[in-house]
Amino acid sequence: VSKQVLEQVLRELQPLCTSEQQFLQEFFRLGCDSVELLEVRVSTLIADLFHGLVWFLRPEEATTQLLSEIFSCLEPELRAFLDICNKVHPLGCLQVLVTLSDSVFGTWGSSSAAPSSFLRALLGNVLLLAKSNFNKCIGTLCKEMEEAKAPSRMRGGILPCVSRFQEFVAFSEEVFRTSRRRGELDKAQLRLASSVFSSISGLSSANLRVSTDMVMMENFHHIHNFLCQKDIPCLEGKKREAQQRCREHMEKFVTAYLGQPLEGLNHFFEGVKARLAQGVKDEEVSFQLAYSKQELRKVIEKYPGKEVKRALETLYRKIHKYLSPEENLLPVVWEAMEREFIRQYREFEELIQRCYAGSGIALDFTMEELLSYFNSITVSN
């Protein structure tokens, strides 16, 4: 409503100021005589009309000054109206900025309907105020997003700051949809995107009941999908960054969680790799007390195929519980889990062949069995 009222005010101001300008030029015969005579006539007329003030002005300057005196209350009233517009809607400053920008630079342009120099100057001053209000609003939003904390004991899902960013972008794109001047908006959207990314990256595990990497993964994925739908040129870089950050946190999440089904095996073979890195020869690893053939057999016995399958089923249910269904990331994450699990399995087999050659030691389940575990879990769910 405030946008429509402002547009109506601007539409009515133009003919009013134009007609008043024409009257002044005709009545005071501005533009009909030489500059020297006009300066004398105008200064005398203005001195009589406006309390003895003496002016030495050219015709266009005299016209502007006369209009400024006649419409002296106009700028304060417009400024007060802008304040009201900003209070009516939390993002009312966007609509004000677009309306004023379009009026000053777009609608009139250089056409015959262009406003008087007085009105153009006046609206230019009001536009500066609108830009200032807009920048203050964006600054406040950025600060709120950067200082935002995850809800107490959050279980996952989309963070409030991400939803707020999404709402702002959607609303601002609608407001600026027909505007040809969006430089201020582009800068604002980039500032807000940086603040949101900073807020996500600063998540503390203290307020989360689930993996921090999982929450970061979901939120960067959400932002990437949203920006893909909007196709906003100035945010292309942020879209690519969100995609990359999503991948990074997915890898961390998958690596951390896949240590759980085979935790003992992971721990054992991490120790084997550490000994190899220290310079111990392949064939000498099994002579290390903590990494002997007997110790390896003990660890492998703890992970029969049935137990591994049961552990994977538990892992799937846990991930399903905490991932947001709206993001539909479960199939993607589970596929990444399978790839990482296969990579670990092959690494374990390689280390057994290198360091325990000829011992006859092998994992309790084969690669084919492992693949069937994942397939049965996927199909049944």
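Reading the values: rules and limits
- Residues numbered from 1 in each chain as written.
- Predicted model: local features only at pLDDT ≥ 70, side-chain atom pairs only at ≥ 80, totals over all residues.
- Heavy atoms only, no water.
- Axes fitted to C-alpha atoms, helices over the stretch in contact; angles between N-to-C directions.
- Helix = DSSP H or I, 4+ residues; strand = E, 2+ residues; numbered from the N terminus.
- Parallel < 35°, antiparallel > 145°, perpendicular 65-115°, else oblique.
- Left-handed = near helix turned anticlockwise from the far one by under 90°.
- Contact = heavy atoms within 4.5 Å.
- Salt bridge = Lys/Arg side-chain N within 4 Å of Asp/Glu carboxyl O.
- Buried < 20%, exposed > 50% of the residue type's maximum accessible area, 1.4 Å probe, protein only.
- Phe/Tyr/Trp six-rings, centres within 6.5 Å; stacked < 30°, edge-to-face > 60°.
- Expected span 1.5 Å × (residues − 1).
- Arc of directions from axis to C-beta.

1. Looking at the packing of helix 8 (residues 183–201) against helix 9 (residues 212–230)
The description of two packed helices rests on the angle between their axes and on the distance between the axes. Their axes nearest at 10 Å, the elements helix 8 and helix 9 cross at an angle of 165°. Comparing the axis directions of helix 8 and helix 9 gives the class roughly antiparallel. In this structure, helix 8 crosses over helix 9, and the sense of that crossing is right-handed. Here Val-196, Phe-197, Ile-200 and Ser-201 of helix 8 lie close against helix 9, whose contacting residues are Met-216, Asn-219, Phe-220 and Ile-223.

2. Re the pattern of salt bridges
If you walk through the whole model with that rule in mind, you get 16 salt bridges. A salt bridge links Glu-270 to Lys-273; its shortest N-O distance comes to 3.1 Å. Pair noted here: Glu-270 and Lys-273 are both in helix 11 (residues 263–277), with a separation of three residues, about one helical turn. The partly exposed category is assigned to Glu-270, whose relative accessible area is 45%. Its salt-bridge partner being Lys-273, residue Glu-347 comes within 3.2 Å of it at the nearest N-O pair. Of this pair, Glu-347 sits in helix 14 (residues 330–355) while Lys-273 sits in helix 11; the two residues are 74 residues apart in sequence, bridging distant segments of the chain. Of the residues examined, Lys-273 reaches a relative accessible area of 28% and is grouped as partly exposed. Bridged by salt links that share partners, the residues Glu-270, Lys-273, Glu-340, Arg-343 and Glu-347 form one connected network.

3. Structural notes on the packing of aromatic side chains
Scanning the entire structure with this criterion turns up nine aromatic pairs. A ring pair is formed by Tyr-316 and Trp-334, whose centres lie 4.9 Å apart and whose planes are at 85°; its orientation type is edge-to-face. Here Tyr-316 is found in helix 13 (residues 305–322), whereas its partner Trp-334 is found in helix 14, with 18 residues between them in sequence. Grouping residues by exposure puts Tyr-316 and Trp-334 together as buried. Plain terms: the ring middles of Phe-365 and Tyr-373 are 6.4 Å apart, the flat faces sit at 55° to each other, and that makes the pair tilted.

4. Considering helix 4 (residues 74–88)
With 15 residues, helix 4 extends 21 Å between its outermost C-alpha atoms, agreeing within 8% with the 21 Å of an ideal straight helix rising 1.5 Å per residue. Listed as buried for helix 4 are Leu-74, Leu-78, Phe-81, Leu-82 and Cys-85. All buried residues of helix 4 project into a common sector of 105° when viewed along the axis, lining one side.

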